[in-house]
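In case you want the letters, here they are:
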Amino acid sequence: EPPMEVTQYAENMEKSWVYDELKEVRNTHEAFSKWGVGGGLLYTGIVAHITKGREPWTLPTPVGNSPPKTDSTATKPAKDFEPINYPAP
């Protein structure tokens with residue numbers, strides 16, 4: 001069976017309040033990874049209080065010392081990992 005593409009989810013997500021909030025903070029982790037604590041605090045402070053996530057760029061996600069990749073290319077297949085056995089609550 002071919003994989004199903006879920007287009008309705010993306011459309012509904014972009015119309016929700018969650019999308020607006022996530023868009024405002026989309027560069028936070030990348031700013032700290034790229035510029036350290038001082039630069040990350042400065043950048044996220046400006047974004048949080050002045051631009052409110054309306055900056056026309058998205059910082060690329062760094063993966064180690066390699067060039068930036070998308071999350072999908074940086075995620076390894078589940079078969080490469082051992083399952084974690086969590087104790088019952």
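Cut-offs and rules
Residues numbered from 1 in each chain as written. Predicted model: local features only at pLDDT ≥ 70, side-chain atom pairs only at ≥ 80, totals over all residues. Heavy atoms only, no water. Helix = DSSP H or I, 4+ residues; strand = E, 2+ residues; numbered from the N terminus. Contact = heavy atoms within 4.5 Å. Areas by Shrake-Rupley, 256 points an atom, 1.4 Å probe, with all protein chains shown as cover. Buried < 20%, exposed > 50% of the residue type's maximum accessible area, 1.4 Å probe, protein only. Polar contact = N/O pair within 3.5 Å; in protein donor to acceptor, adjacent residues only side chain to side chain. Patch = residues over 30% accessible without salt bridge, like charges linked within 9 Å, V, L, I, M, F, W, Y side chains within 5 Å. Salt bridge = Lys/Arg side-chain N within 4 Å of Asp/Glu carboxyl O. pLDDT = per-residue confidence, 0-100. Expected span 1.5 Å × (residues − 1). Bend = angle between axes of the 7 residues up to and from the residue.

A.B. asks: Got a minute to help me understand the overall build of the protein chain in this structure?
C.D. replies: Counting its secondary structure elements, the protein chain contains four helices and zero strands. In the protein chain, the succession of α and β elements from N to C terminus is α-α-α-α. For the protein chain, contacts bridging at least 24 residues in sequence account for 44% of all contacts bridging at least 6. When the accessible surface of the protein chain is split by element, carbon and sulfur atoms take 61% of a total near 7900 Å².

A.B. asks: Any chance you could explain the side chain of N27 here in plain terms?
C.D. replies: Counting through the fold element by element, N27 comes out in the loop between α2 (17–24) and α3 (28–51). A residue is classified by how much of its surface remains accessible, and N27, at 1% relative accessible area, is buried. At a separation of 3.4 Å, a polar atom in the side chain of N27 contacts the main-chain carbonyl oxygen of W57.

A.B. asks: How do you make sense of the side chain of T44 when you look at a structure like this?
C.D. replies: Counting through the fold element by element, T44 comes out in helix α3. In this structure the side chain of T44 is engaged in a polar contact, spanning 2.7 Å, whose partner is the backbone oxygen of G40. From its side chain, T44 meets the backbone oxygen of L41 in a polar contact 3.4 Å long. The residues touching T44, leaving out its near neighbours within four places in the chain, are T28, A31 and F32.

A.B. asks: Where do I start with unusual backbone geometry in this structure?
C.D. replies: Where the residue is not glycine, phi is negative for most of them; where a peptide bond is considered, it is trans in most cases. Despite not being glycine, K52 shows a phi value in the positive range, around 55 degrees. Relative to the elements of secondary structure, K52 occurs in the loop between α3 and α4 (71–74).

A.B. asks: Hey, could you run me through a nonpolar patch on the surface in this one?
C.D. replies: Where nonpolar side chains cluster on the molecular surface, the patch consists of M4, V6 and Y9 and spans about 410 Å² of accessible area. Relative to the helices and strands, Y9 is located in helix α1 (residues 7–14).

A.B. asks: Would you explain the confidence of the model for the protein chain in this entry?
C.D. replies: Per-residue confidence for the protein chain gives a mean pLDDT of 85, with 90% of residues at or over 70. Element-level pLDDT for the protein chain is lowest in α4, with a mean of 73, against a maximum mean of 91 in α3.

A.B. asks: Can you walk me through α3 in this structure?
C.D. replies: Along an α-helix, residues three or four apart share an orientation, since each turn contains 3.6 residues. Between its terminal C-alpha atoms α3 stretches only 13 Å, short of the 34 Å expected from 24 residues at 1.5 Å a residue. The largest bend in α3 is about 135 degrees, located at G36. For α3, every residue scored as buried is listed here: E30, A31, G40, Y43, T44 and V47. Of the surrounding elements, those touching the buried residues of α3 are α2. Downstream of α3 by one or two residues, K52 has phi in the positive range, about 55 degrees.

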